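Topology and contacts: notes
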Amino acid sequence: MFTLLAGELEFTFRGETTTVRAGWSVNIPANAPHVFKNTSGSTVHMLCMCTPAGQNEFFVEVGDSLESRTSPLPKLDKAGMEERMKRAKVLAPKYHTELLKP
């Protein structure tokens, strides 16, 4: 389940793309292909709840730890983004995750 706390995302599930805004939730069944993308140009805050537990560790390993929820986000250049995707692809099987091409 994804709940958008702030901002706006394009969310695609079962071939349908919807603009999701703060306060909305999207429920995705286990193992169902989906994608979300920030096309707004603004910062987005989202709560992701996964069952069974453990998927959160994937995000911890792929992402950057911040001091607090109000800390500035890391600035990634193209090489940084490529490194992040490479790390995600390597870790995906460990977390029973499949990364799909857009």
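Look up a bit, the structure's there.
Scope of this entry: the structure provided in the associated data block. All of these numbers come straight from a predicted model, not from anything done at the bench. (Residues numbered from 1 in each chain as written. Predicted model: local features only at pLDDT ≥ 70, side-chain atom pairs only at ≥ 80, totals over all residues. Heavy atoms only, no water.)

**Examining the sheet that holds strand 1 (residues 2–6)**
- Taken together, three strands build an open sheet; the order of strands is 4-1-6 and the sheet is antiparallel. Lying at the two open borders of the sheet, with one neighbouring strand each, are strand 4 (25–26) and strand 6 (45–48).
- With four bridges joining them, strand 1 and strand 6 adopt antiparallel strand pairing. Of the residues in strand 6, the one forming a bridge with Ala 6 is His 45. (Pairing = 2+ DSSP bridges. Helix = DSSP H or I, 4+ residues; strand = E, 2+ residues; numbered from the N terminus.)

**Overview of the nonpolar core**
- With nine residues, the main nonpolar core is built from Phe 2, Leu 4, Leu 9, Phe 11, Phe 13, Val 20, Val 26, Ile 28 and Ala 32.
- Residue assignment for this core shows that the elements contributing at least two residues are strand 1 and strand 2 (8–13).
- Among the elements that take part in this core, strand 2 stands out by supplying three residues, more than any other.
- Among all residues touching Phe 13, those that are not within four sequence positions of it are Ile 28, Pro 29, Ala 32, Pro 33 and His 34.
- Judged by nonpolar contacts, the second largest core, of five residues, contains Val 62, Ala 88, Leu 91 and Tyr 95. (Core = buried A, V, L, I, M, F, W, Y, C linked by side-chain atoms within 4.5 Å. Buried < 20%, exposed > 50% of the residue type's maximum accessible area, 1.4 Å probe, protein only. Contact = heavy atoms within 4.5 Å.)

**Describing the state of the cysteines**
- The final tally for this structure, using the stated rule, is zero disulfides.
- Lacking any disulfide linkage, Cys 48 is separated from the closest cysteine sulfur, that of Cys 50, by 3.5 Å. (Disulfide = S-S within 2.5 Å.)

**Thoughts on the sheet that holds strand 3 (residues 16–21)**
- The strand order 3-2-5 describes an open sheet built from three strands, whose pairing is antiparallel. With partners counted over all chains shown, the strands left at the sheet margins are strand 3 and strand 5 (34–37), one partner each. Taking each pair of neighbouring strands and ignoring which way they run, the sheet shows an average axis angle of 25 degrees.
- As paired elements, strand 2 and strand 5 share four bridges and run antiparallel to each other. Its bridge partner lying in strand 5, Phe 13 is registered against His 34. (Axes fitted to C-alpha atoms, helices over the stretch in contact; angles between N-to-C directions.)

**As for helix 1 (residues 55–62)**
- Every buried residue of helix 1 is accounted for by Gln 55, Phe 58 and Val 62. Along the long axis of helix 1, the arc covered by the buried residues comes to 45 degrees, so they all point the same way.
- Looking at the packing, one finds that the buried side of helix 1 touches helix 2 (78–91). (Arc of directions from axis to C-beta.)

**Some words on helix 2**
- Here helix 2 spans 20 Å end to end across 14 residues, near enough to the 20 Å set by a 1.5 Å rise per residue.
- Gly 80, Arg 84, Ala 88 and Leu 91 are the residues of helix 2 that are buried. The buried residues of helix 2 all sit within an arc of 75 degrees when viewed along its axis, so they share a single face. Looking at helix 2, the residues exposed on the side facing more than 90 degrees away from the buried face are Lys 78, Lys 86, Lys 89 and Val 90.
- In the core, the buried residues of helix 2 are packed alongside helix 1.
- Where helix 2 starts, the residue carrying a side-chain oxygen 3.3 Å from the main-chain nitrogen of Ala 79 turns out to be Asp 77. (Expected span 1.5 Å × (residues − 1). Polar contact = N/O pair within 3.5 Å; in protein donor to acceptor, adjacent residues only side chain to side chain.)

This is a description of form; function is not addressed.
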